[in-house]
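Geometric and topological summary
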Amino acid sequence: MKIHVHAVHFDIDPKLVGFIQNKLNKLDTFYDKFISGEVFLKLDKGENSKIHKKHIEIKLNVPGHTIFAEEKGTTFEEATDLALEALKTQIKKFKDKKNEVEHKKREIPAEEEVVEDEF
C-alpha cells in the first residue's frame, strides 16, 4: 500500500515514517485491497506550552470507501497504535458488511410458482 506521511509544521524523523509504514502494512492481513493512504502528524499544545500532545490522522482509501481514524497520545508511536486499533475494527466492520452484501447478491431468488386459472 502506498502511504504518504505529512508532518504539519515540523520535520519528521525517517525512523518514525518507517515505524508508521510498518504498522500500516500489517493491516494488509485484515484486508488486502487498499488503494492508498495518508497520514497527518500534528503537535497540539497543551495547557503548558512545553508539553505537546501528538495527534495522528490516518485516512485509508479502499475501492468505493474511505476509512478514517484520528488519535492523540504522548508519543506518535502511542497515537499510531491507538489509531491502528480503531482502523482494525473499522476494517473488520467494512469487510463484514461487504461480504454480507455480496452474499445477498449471490442468492438466487426462488422462482415464483405460476398458477394457471382454469376456465
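It should be noted that the structure appears before, not after, this text.
For the structure given in this document, a descriptive report is provided here. All values reported here derive from a predicted model rather than from experimental measurement.

Attention now moves to the nonpolar core. Judged by nonpolar contacts, the single largest core of 23 residues is most densely connected at Leu-24, Leu-60 and Leu-87. Of all the secondary structure elements, the ones that give two or more residues to this core are helix H1 (14-25), strand S2 (36-45), strand S3 (52-62), strand S4 (65-73) and helix H2 (76-106).

On to the pairing of S3, then. Bridge analysis of S2 against S3 gives 10 bridges, and the strand direction is antiparallel. Within S3, the position partnered with Val-39 by the bridge is Ile-58. Hairpin connection between S3 and S4: a loop of two residues separates the two successive antiparallel strands, and Gly-64 in this loop has a positive phi of roughly 80 degrees.

Turning our attention to the side chain of Lys-54. Position of Lys-54 among the secondary structure elements: in strand S3. Salt bridges are absent for the buried Lys-54, whose nearest opposite-charge side chain, Glu-77, sits at 8.3 Å. Look past the residues within four positions of Lys-54 in its chain and what remains in contact with it is Lys-42, Leu-43, Glu-71, Lys-72, Gly-73, Thr-74, Thr-75, Phe-76 and Ala-79.

The strand order across the open sheet built from four strands is S1-S2-S3-S4, with neighbouring strands paired in mixed fashion. Because the sheet does not close on itself, it has two edges, and the strands there are strand S1 (2-7) and S4. Across the sheet, the mean angle separating the axes of adjacent strands is 15 degrees when strand polarity is ignored. As judged from the nine bridges shared by S3 and S4, these two strands associate in the antiparallel manner. Considered in S4, the bridge of Glu-57 is made with Glu-70.

Reading guide: rules and limits
Residues numbered from 1 in each chain as written. Predicted model: local features only at pLDDT ≥ 70, side-chain atom pairs only at ≥ 80, totals over all residues. Heavy atoms only, no water. Core = buried A, V, L, I, M, F, W, Y, C linked by side-chain atoms within 4.5 Å. Buried < 20%, exposed > 50% of the residue type's maximum accessible area, 1.4 Å probe, protein only. Helix = DSSP H or I, 4+ residues; strand = E, 2+ residues; numbered from the N terminus. Pairing = 2+ DSSP bridges. Lys, Arg positive; Asp, Glu negative; His and termini not counted. Salt bridge = Lys/Arg side-chain N within 4 Å of Asp/Glu carboxyl O. Contact = heavy atoms within 4.5 Å. Axes fitted to C-alpha atoms, helices over the stretch in contact; angles between N-to-C directions.

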